[in-house]
Number of protein chains: 2
Amino acid sequence: MRSANRDVPVVVVKRLPRYYRYLGELLKKGVTRISSGELGKKMGVTASQIRQDFNCFGGFGQQGYGYDIENLHREIGSILGLTNGYKTIIVGAGHLGHALANHSNFAKRGFELVGIFDKDPALSGQVIQGLPVQMMETLEDFCMKNRVDIAILALPKLAIEMVVPRLVKIGIKGLLNFSYTDIEVPADVAVENVHLSDSLMTLSYKITQNTKNGD
Amino acid sequence: MRSANRDVPVVVVKRLPRYYRYLGELLKKGVTRISSGELGKKMGVTASQIRQDFNCFGGFGQQGYGYDIENLHREIGSILGLTNGYKTIIVGAGHLGHALANHSNFAKRGFELVGIFDKDPALSGQVIQGLPVQMMETLEDFCMKNRVDIAILALPKLAIEMVVPRLVKIGIKGLLNFSYTDIEVPADVAVENVHLSDSLMTLSYKITQNTKNGD
DNA sequence: TCTTTTTTTTTACTTTTTGTCAATAAAATC
DNA sequence: GATTTTATTGACAAAAAGTAAAAAAAAAGA
């Protein structure tokens, strides 16, 4: 089993979390093996694509047998870096930050929430998920001391512009950006954007198309 | 200017919201025209792609001049269906639902929030964004009377399975799904998923790659 | 051992992106 | 006011990327 996985296309990477989820569910149900055909039917994609995707990082399957779910699940998790136990903070303790802190799947997937920050003194010390909300002044100190890897940015556009450079400066590795702006960082900082309005607009487009064709 | 826009590739549609956002920002700054080259540099994509994309729904540009931003912005908005004024409800008034209700961009983009629902009696009547949280019993009645188009689903996986069929039954047109499961609906109901954990996992992958190559 | 299943690998096809260039509009020059 | 120059699109072509199908190979199970 090759562990090399250089040059995996972005589209494939984007599909990995979904595979991971489905495999996890099967595992929970006690299923131990599955063929690409079966999995494809379940997920609504072609068996060919599944096989092609899995082959990007070495053959996990066995002819005549299929894929060992536990093994495959673990491998994909490892490829995604879930085994690295990235330490995570949330910046912005508003409703969104709060919701994300409570999002149990994050911890389940190996992301350890170690701190929550906000600039509003009224929130100072309030406990969310066992963690006290800290003031922005302590951001750098805390991140350095606790070797924080990821910052989840749940704050408005304006605040973002102040915070991002500070996080970049102390060597943050990744940013999950929920604000409605594209942030600029050096190439060695990974960024993933979640633009909620964009999703709503895409939905709007789909509805508009449906309405056109349907009625 | 052709208004027909059949068969616009999905990849292009996914890019439209971002164009819309950038054009909106330029408009706000008072810029009235822009060339594909300039816009491309700003957005980090090739000028060629921009022209190709815009041409999917008819030529909006003018040789030697560029694109009229106001016109282009309005056209993209119309293609996305933002002018249809879709009526929207949020199901689930937890922190996530709350955050989404406060998300000002939704209203700005023409989505009118008309109702918020939750099953927790403790939240009944609590006012969010001027709207009282309603109990789940009134869901069908309310949606029919108010001709609700879109439901934003901010509830856990288990609750989803109960709610979706009810919404489908009363003819909901679109669902924005935040729960960590893929929902199944008839073809005439549009669905857009926002799987937060997936984004975090993709980020994790990127970090892992950076770490490998960088160090 | 032989058939069946199912992956891997290869090949073909489709979609998407990028690059080029003629056509055209605007601006500048004469 | 006519002519030249510059800017920039739209359309097409080429390249790249991604997806699906087909062929070949390996293992499982009878």
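Throughout this description, residue numbers start from 1 for each chain and increase along the sequence as written. Throughout, the order in which chains and ligands are written sets their labels, letters from A for the former and numbers from 1 for the latter. Since the coordinates come from a predicted model, pLDDT governs what is reported: local features require at least 70, and pairs of side-chain atoms require 80 or more to be given and counted, while whole-chain, interface and lining totals use all residues. Here the side-chain values reflect all heavy atoms present in the structure, with hydrogen atoms and water set aside.

*Asks:* What am I meant to see in the interface of chain A and chain B here?
*Replies:* The accessible area lost on association of the parts is a frequent measure of interface size. Facing 61 residues of chain A, the contacting portion of chain B comprises 61 residues. Here's the idea: put two parts together, see how much 1.4 Å probe accessible area each one loses, and the total over both is what we call buried area. When chain A packs against chain B, the two sides together hide about 5400 Å² of surface, and 62% of this comes from carbon and sulfur. We count a salt bridge whenever a side-chain nitrogen from Lys or Arg sits within 4 Å of a carboxyl oxygen from Asp or Glu. If you look at where chain A meets chain B, you find 10 salt bridges. The closest approach of N and O atoms between Asp-198 of chain A and Arg-21 of chain B, which form a salt bridge, is 3.9 Å. Identification of polar contacts relies on pairs of N or O atoms within 3.5 Å, with a donor-acceptor requirement for protein atoms, meaning one able to donate a hydrogen and the other able to accept it, and with residues adjacent in sequence counted only if both atoms are side-chain atoms. Here chain A and chain B share 27 residue pairs in polar contact (both at pLDDT 80 or more) between them. The helix count covers DSSP runs of H or I at least four residues long, the strand count covers runs of E at least two residues long, and both are numbered beginning at the N terminus. Looking at the side of chain A that touches chain B, the elements that each hand over two or more residues are helix 1 (10-28), helix 4 (69-80), helix 5 (95-102), helix 6 (104-108), strand 9 (174-177), strand 10 (190-193) and helix 9 (196-214) of chain A. With 16 residues, the single largest contributor to the side of chain A that touches chain B is helix 9 of chain A. Three residue categories are used. Nonpolar comprises Ala, Val, Leu, Ile, Met, Phe, Trp, Tyr, Cys and Pro, charged comprises Asp, Glu, Lys and Arg, and polar comprises the others, including Gly. Class assignment for the residues of the side of chain A that touches chain B results in 30 nonpolar, 18 polar and 13 charged. The contact criterion used is simple: two residues touch if any of their non-hydrogen atoms lie within 4.5 Å.

*Asks:* Whenever I open this one, the packing of aromatic side chains confuses me. Can you help?
*Replies:* Think of it this way: a Phe, Tyr or Trp ring, Trp meaning its six-membered ring, pairs with another when their centres are within 6.5 Å, and the plane angle makes it stacked under 30 degrees, edge-to-face over 60, tilted otherwise. Per the counting criterion, the structure on display carries seven aromatic pairs over all chains. For the ring pair Tyr-19 of chain A and Phe-54 of chain A, a centre distance of 5.0 Å and an interplane angle of 70° mean the geometry is edge-to-face. You can see Tyr-19 of chain A sitting in helix 1 and its partner Phe-54 of chain A sitting in helix 3 (residues 47-55), a full 35 residues away along the chain. Relative accessible area serves as the criterion here: at 1%, Tyr-19 of chain A is assigned to the buried category. For every residue, the accessible area obtained with a 1.4 Å probe (protein chains only) is divided by the maximum for its type, and the residue is called buried under 20%, exposed over 50%, and partly exposed between those limits. Phe-54 of chain A sits in the buried class, given a relative accessible area of 0%. Pairing Phe-117 of chain B with Phe-142 of chain B gives two aromatic rings, centres 5.5 Å apart and planes at 70°, and the pair type is edge-to-face. With Phe-117 of chain B in strand 5 (residues 112-118) and Phe-142 of chain B in helix 7 (residues 139-146), this pair connects stretches of sequence that are 25 residues apart. Judged on exposure class, the residue Phe-117 of chain B and its partner Phe-142 of chain B are both buried. Among the aromatic residues, ring-to-ring pairing joins Tyr-19, Phe-54 and Tyr-67 of chain A into one connected group.

*Asks:* Quick question: what am I supposed to make of the sheet that holds strand 4 (residues 87-91) of chain A here?
*Replies:* In sheet architecture, strand pairing relies on hydrogen bonds along the backbone and comes in two forms, parallel and antiparallel. Residues and elements named next belong to chain A. Two strands are said to pair when DSSP picks up at least two bridges between them. Sheet architecture is open: seven strands sit in the order 6-7-5-4-8-9-10, paired in mixed fashion. Since the sheet does not close on itself, it has two edges, and those belong to strand 6 (127-128) and strand 10, each with one partner. As paired elements, strand 9 and strand 10 share four bridges and run parallel to each other. Bridging from a neighbouring strand, Asn-177 pairs with Asn-193 of strand 10.

*Asks:* How should I be thinking about the protein's contact with DNA strand D in this particular structure?
*Replies:* The local shell around DNA strand D holds 25 residues, among which Arg-15 and Ser-48 of chain A together with Ser-36, Asn-55 and Tyr-67 of chain B are the closest. Nearness is defined per residue: one heavy atom within 4 Å of the molecule or strand is enough. When atoms of DNA strand D within 4 Å of the protein are sorted by moiety, sugar and phosphate together comprise 68%. Between DNA strand D and Arg-33 of chain A there is a distance of 3.5 Å, counted from a phosphate oxygen to a side-chain nitrogen or oxygen. Note that a phosphate oxygen of DNA strand D is positioned 3.1 Å from one of the backbone N or O atoms of Gly-61 of chain B. Of all the secondary structure elements, the ones that give two or more residues to the surface near DNA strand D are helix 1 and helix 3 of chain A together with helix 3 (47-55), strand 2 (61-62) and strand 3 (66-68) of chain B.

*Asks:* What am I meant to see in the confidence of the model for chain A here?
*Replies:* Detail in the predicted coordinates should be disregarded across regions flagged by low pLDDT. The pLDDT averaged across chain A works out to 93; a share of 96% of its residues lies at or above 70. Within the model, the stretch residues 1-5 of chain A combines pLDDT values under 50 with 15 contacts to residues more than four positions away or in other chains. Residue-level confidence of the predictor is summarised by pLDDT, bounded by 0 at the bottom and 100 at the top.

*Asks:* Mind showing me how you'd approach the side chain of Asp-149 of chain B here?
*Replies:* Residues and elements named next belong to chain B. Tracing the backbone through its elements, the reader meets Asp-149 in the loop between helix 7 and strand 8 (150-153). Residue classification places Asp-149 among the buried residues on the basis of a relative accessible area of 10%. Look past the residues within four positions of Asp-149 in its chain and what remains in contact with it is Gly-85, Tyr-86, Lys-87, Ile-172, Lys-173 and Gly-174.

*Asks:* Would you explain the sheet that holds strand 1 (residues 33-34) of chain A in this entry?
*Replies:* Strand order in this open sheet of three strands is 1-3-2 (chain A), and the pairing throughout is antiparallel. Strand pairing shows two members of the sheet lacking a second neighbour, strand 1 and strand 2 (61-62) of chain A, which therefore form its edges.

*Asks:* Can you help me understand the protein's contact with DNA strand C in this one?
*Replies:* Taken together, the neighbourhood of DNA strand C is formed by 25 residues, with Ser-36, Arg-51 and Asn-55 of chain A together with Arg-15 and Ser-48 of chain B sitting nearest. In this structure, a base oxygen belonging to DNA strand C sits 3.3 Å away from a side-chain N or O atom of Gln-63 of chain A. Arg-51 of chain B places a side-chain nitrogen or oxygen 3.5 Å from a base oxygen of DNA strand C. Of all the elements, helix 3 of chain B adds the most residues to the surface near DNA strand C, at four residues. When grouped by side-chain class, the residues that make up the surface near DNA strand C number five nonpolar, 17 polar and three charged.

*Asks:* Which parts of the structure should I look at to understand the nonpolar core?
*Replies:* Soluble, globular proteins show a tendency: their nonpolar side chains are buried together. In this description, a nonpolar core means a group of buried Ala, Val, Leu, Ile, Met, Phe, Trp, Tyr and Cys residues linked to one another through side-chain atoms lying within 4.5 Å. By size, the foremost hydrophobic cluster in this structure holds 102 residues, and its most contacted members are Ile-76 and Leu-100 of chain A together with Leu-39, Ile-76 and Leu-100 of chain B. When near neighbours in sequence (up to four residues on either side) are disregarded, Leu-100 of chain A contacts Ile-90, Phe-106, Ile-152, Ala-154 and Phe-178 of chain A together with Leu-196 of chain B. One finds Met-136, Val-148, Leu-175 and Ile-183 of chain B within the second-largest nonpolar core, a separate group that totals 23 residues.

*Asks:* Help me out: how do you make sense of the relation of the copies chain A and chain B in this one?
*Replies:* Relating one copy of the chain to the other requires a rotation about an axis plus a shift along that axis. In superposing the copies, a least-squares fit is computed on C-alpha atoms, taking residues whose pLDDT is at least 70 in both. Placing chain A over chain B gives an RMSD of 0.1 Å and needs a rotation angle of 180°, together with 0.0 Å of translation along the axis. In the structure described here, the two chain copies are related by an operation that fits a two-fold rotation axis. When each C-alpha of chain A is compared by its distance to the rotation axis, His-95 of chain A comes out closest, at 2.5 Å. Interface overlap between copies: 100% of the residues of chain A at the interface are likewise at the interface in chain B, consistent with a symmetric, same-surface contact.

*Asks:* What exactly am I supposed to notice about the pattern of salt bridges here?
*Replies:* A side chain of one charge can pair with a side chain of the opposite charge if their charged atoms are brought near each other. All names here are of chain A. Under the definition given, this model contains 18 salt bridges over all chains. Glu-192 serves as the salt-bridge partner of Lys-14, at 3.1 Å between the closest nitrogen and oxygen. A residue pair is termed long-range when its members are at least 10 positions apart, and Lys-14 in helix 1 and Glu-192 in strand 10 qualify at 178 residues. Asp-53 is paired through a salt bridge with Arg-15; the nearest N and O atoms lie 2.8 Å apart. In this pair, Asp-53 sits in helix 3 while Arg-15 sits in helix 1, placing the two residues 38 residues apart along the sequence. Exposure remark for Asp-53: the relative accessible area of 2% places this residue in the buried category. Taking the relative accessible area as the measure of exposure, Arg-15 reaches 26% and is therefore partly exposed.

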